[in-house]
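If you want the building blocks of each chain, they are given just below.
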Amino acid sequence: MSSKITLTPGTLPERLRQVSESAQASGALVSLPTQEEIYPDEGVPFVLRLLTNLERKNANATLQEDGSAPKTTVNPFLPYDEALYVGHINDDYVCLLNKFNVLPNHFLMVTAQFEEQSEALSLSDMQALHWSLQEVDGLVFFNGGKLAGASQRHKHLQTIPLPLSSHLRDNKTPLDAFLASSPKAEESLPFRHRFVHFSDPLPEPAALYATYRQWLLELGLVTTPNSPPAPYNLLATRRWMMLTPRRNERFQGISINALGFVGALLCGKEEQLATIKAAGPMNVLREAAFPPD
């Protein structure tokens, strides 16, 4: 096992660059080239990505048809691949590169000891989320359970530095473009959710955690304080946080994780891309989530 590296404030961006470079060279990091297009639907400039033919062929043995990491019984985080190790956030959390990335510097925040992905987030989890957003202007997301798109049982949050696409101009995500279209635009999102805007500075972890617990109760996702929540996706940036309960993992065979709810969808086959366009990306999200309150 490599020596422990504690990530002090301000060091994450450079560590991500260094580890990404070495992991790419060694083959430990599998970057997935995609064809990308902006597909507007119901006021959201969705980012639709399709794995390239060559990459689909090369990654066939290690990826699912939709381009996501395989769901296996083997825990890839205990032990973790040392080539993907970025550093320790604290005694409770380890920062690792995502082995299969579509966007550069996509990293994971993984509990140092095994915890179930389906368990409710803790204050320690919110501290990791808060740390991530202080270090990088990114999108943090959590797939709360298999039905919400989780591919691994070991609890982990994920962060992708923003913007999600160079085509979005001043907007960090497709959802941000929608939010900028009108005051309280989030209230018109066509699926059940809870949403909060942040002012500067970012709320402290305890405040984020209190909001999250309140949402679980309001949405009926927990029945007792210690019970695992029903499936959901949580997403946060420096500007807002959102939680969306889930009812379906897939839409016509296409896996939908948290990224779908900020307007980013990944397809492994051209037929899947055509399916999303024919249905309308927002209708895909309607089927994956619940109707609005």
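Going by the structure above, here's the rest.
Read on for an overview of the structure. (Residues numbered from 1 in each chain as written. Predicted model: local features only at pLDDT ≥ 70, side-chain atom pairs only at ≥ 80, totals over all residues. Heavy atoms only, no water.)

### Quick word on the sheet that holds strand β4 (residues 85-88)
Inference 1: Reading across from one edge, β4-β5-β7-β9-β8-β11-β12-β10 is the order of the eight strands in this open sheet, with antiparallel pairing throughout. Whereas interior strands pair on both sides, the edge strands pair on one side only; in this sheet they are β4 and β10 (194-197). Within the sheet, the average angular offset between the axes of one strand and its neighbour, ignoring direction, is 15°.
Inference 2: Summarising the sheet, strand β11 (residues 232-236) and strand β12 (residues 240-245) pair through five bridges and their orientation is antiparallel. Among the inter-strand pairings, leucine 234 is bridged to a residue of β12, identified as leucine 243.
Inference 3: Packed on one face of the sheet, helix α3 (residues 123-135) meets β5 (93-97), β7 (107-111), β8 (138-144), β9 (156-161) and β11 and runs near 155° to β7.
Inference 4: Packing of helix α5 (residues 205-218) onto the sheet brings it into contact with β10, β11 and β12, and relative to β12 it is tilted by some 25°. (Pairing = 2+ DSSP bridges. Helix = DSSP H or I, 4+ residues; strand = E, 2+ residues; numbered from the N terminus. Axes fitted to C-alpha atoms, helices over the stretch in contact; angles between N-to-C directions. Contact = heavy atoms within 4.5 Å.)

### As for the packing of aromatic side chains
Inference 1: Enumeration over the complete set of coordinates arrives at six aromatic pairs.
Inference 2: Centroid distance phenylalanine 195 to tryptophan 240: 5.7 Å. Interplanar angle 25°. Geometry classified as stacked. Of this pair, phenylalanine 195 sits in strand β10 while tryptophan 240 sits in strand β12, placing them 45 residues apart in sequence. Note on accessibility: phenylalanine 195 and tryptophan 240 belong to one class, buried.
Inference 3: Ring plane angle 35° and centroid distance 6.4 Å describe the contact between tyrosine 209 and tyrosine 212, whose orientation is recorded as tilted. With tyrosine 209 and tyrosine 212 both in helix α5 and three residues apart, the pair spans about one turn of that helix.
Inference 4: With a relative accessible area of 25%, tyrosine 209 lands in the partly exposed category.
Inference 5: In this structure tyrosine 212 comes out as buried when scored by relative accessible area, which is 0%.
Inference 6: What links up through ring pairs into an aromatic cluster is the set Phe142, Tyr209, Tyr212 and Tyr232. (Phe/Tyr/Trp six-rings, centres within 6.5 Å; stacked < 30°, edge-to-face > 60°. Buried < 20%, exposed > 50% of the residue type's maximum accessible area, 1.4 Å probe, protein only.)

### A look at the pairing of β4
Inference 1: With three bridges connecting them, β4 and β5 associate as antiparallel partners. Bridge pairing in β5 places histidine 88 opposite valine 94.
Inference 2: Between the antiparallel neighbours β4 and β5 lie four residues.

### Observations regarding the sheet that holds strand β15 (residues 264-267)
Inference 1: Read across the open sheet, the three strands follow the order β2-β3-β15; overall the sheet is mixed. Of all the strands in the sheet, the pair left with one neighbour each is β2 (34-41) and β15. This sheet shows a mean twist of 25° between the axes of neighbouring strands, independent of strand direction.
Inference 2: Pairing of β2 with strand β3 (residues 44-51), which is carried by eight bridges, proceeds in the antiparallel orientation. Its bridge partner being in β3, aspartate 41 is matched across the sheet by valine 44.
Inference 3: The strands touched by helix α6 (residues 270-279) are β2, β3 and β15; relative to β3, the strand with the most contacts, the crossing angle is about 165°.
Inference 4: Contacting β2, β3 and β15, helix α7 (residues 281-288) crosses the sheet at an angle of about 85° to β3.

### Observations regarding the pattern of salt bridges
Two side chains of opposite charge can pair, provided their charged atoms sit close to one another.
Inference 1: One pass over the structure, following the stated rule, counts 15 salt bridges.
Inference 2: With its nearest N and O atoms 3.2 Å apart, the salt bridge here joins lysine 4 to aspartate 91. Separated by 87 residues along the polypeptide, lysine 4 in the segment before α1 (12-26) and aspartate 91 in the loop between β4 and β5 bring together distant segments of the chain.
Inference 3: Across the salt bridge formed by glutamate 116 and arginine 153, the nearest N and O atoms sit 2.2 Å from each other. Of this pair, glutamate 116 sits in the loop between β7 and α3 while arginine 153 sits in the loop between β8 and β9, and the two are 37 residues apart along the sequence.
Inference 4: In the salt-bridge network here, residues are joined through shared partners; they are Arg192, Arg194, Glu218 and Asp293. (Salt bridge = Lys/Arg side-chain N within 4 Å of Asp/Glu carboxyl O.)

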